[in-house]
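# Summary of structural features
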Amino acid sequence: MLTQLPAPWPSLPREQLPSVLQAFRDQRGAVIYGAAGVGKSQLARVVRTTLDRESDEPILWVDVVGSIGDASTPLAAADALLTDI
């Protein structure tokens, strides 16, 4: 029986962190992508935590997940979000 929750993975230094943070600060946003297990989710969590601490304004966060069926259509997973662009 599990009596304690496991500790979170340590936050590893990421060379992408400054550029992703700057993209959000410039109100451009960012797409974080890569192979499974490379640290995309951890990077996103660090970015979100950092920006939430810096801002008095609410920040809209959207998780977008693609599928095998959408793989042949560029940006299909984000299509509904891009209609106003």
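Reading guide: rules and limits
Sequence positions are assigned chain by chain, starting from 1 and proceeding in written order. With pLDDT at 70 or above as the cut-off, local features in this predicted model cover only qualifying residues; side-chain atom pairs require 80 or more to be listed or tallied, and sums for whole chains, interfaces and linings still use all residues. Derived side-chain values reflect all non-hydrogen atoms in the structure, with water molecules and hydrogen atoms excluded from consideration. Here a helix means four or more residues in a row that DSSP labels H or I, a strand means two or more in a row labelled E, and each is numbered from the N terminus. Throughout this description, the term salt bridge denotes a Lys or Arg side-chain nitrogen within 4 Å of a carboxyl oxygen of Asp or Glu. One fewer than the residue count of a helix, multiplied by 1.5 Å, yields its expected span. Whether a residue is buried, partly exposed or exposed follows from its accessible area with a 1.4 Å probe, protein chains only, as a fraction of its type maximum: under 20%, in between, or over 50%, in that order. Each direction from the helix axis to a C-beta atom contributes to the arc, which is the arc of those directions. Note on definitions: a residue-residue contact is assigned when non-hydrogen atoms from the two residues lie within 4.5 Å. As used in this record, nonpolar core signifies buried Ala, Val, Leu, Ile, Met, Phe, Trp, Tyr and Cys residues forming a set joined through side-chain atoms within 4.5 Å.

The next subject is unusual backbone geometry. The backbone of glutamine 27 sits at a positive phi, close to 60°, despite the residue not being glycine. Structurally, glutamine 27 is set in the loop between helix H1 (17-25) and helix H2 (40-54).

With that out of the way, let us pick up the pattern of salt bridges. A pair can form between side chains of opposite charge whenever their charged atoms are brought close. The full count for this structure, using the stated rule, is 3 salt bridges. With a shortest N-O distance of 3.5 Å, arginine 28 and aspartate 26 are connected by a salt bridge.

On to H2, then. The α-helix advances 3.6 residues per turn, and as a result positions three or four apart in sequence lie on the same side. Between its terminal C-alpha atoms H2 stretches 21 Å, which fits the 21 Å expected from 15 residues at 1.5 Å a residue. Residues of H2 that are buried include every one of Leu43, Val46, Val47 and Leu51, and no others. Buried residues of H2, seen end-on, are gathered within an arc of 120° and therefore sit on one face of the element. Set apart from the buried face of H2 by more than 90 degrees, the exposed residues are Arg45 and Arg53. Looking at the buried positions of H2, the neighbouring elements they touch are H1.

A few words now on the nonpolar core. Counting 5 residues, the largest nonpolar core consists of Val20, Leu21, Leu43, Val47 and Leu51. At the level of elements, H1 and H2 are the ones that each hand at least two residues to this core. Look past the residues within four positions of valine 20 in its chain and what remains in contact with it is Ala30, Ile32, Leu43 and Val47.

So, to be careful, I would describe these as geometric facts and stop short of saying anything about function.
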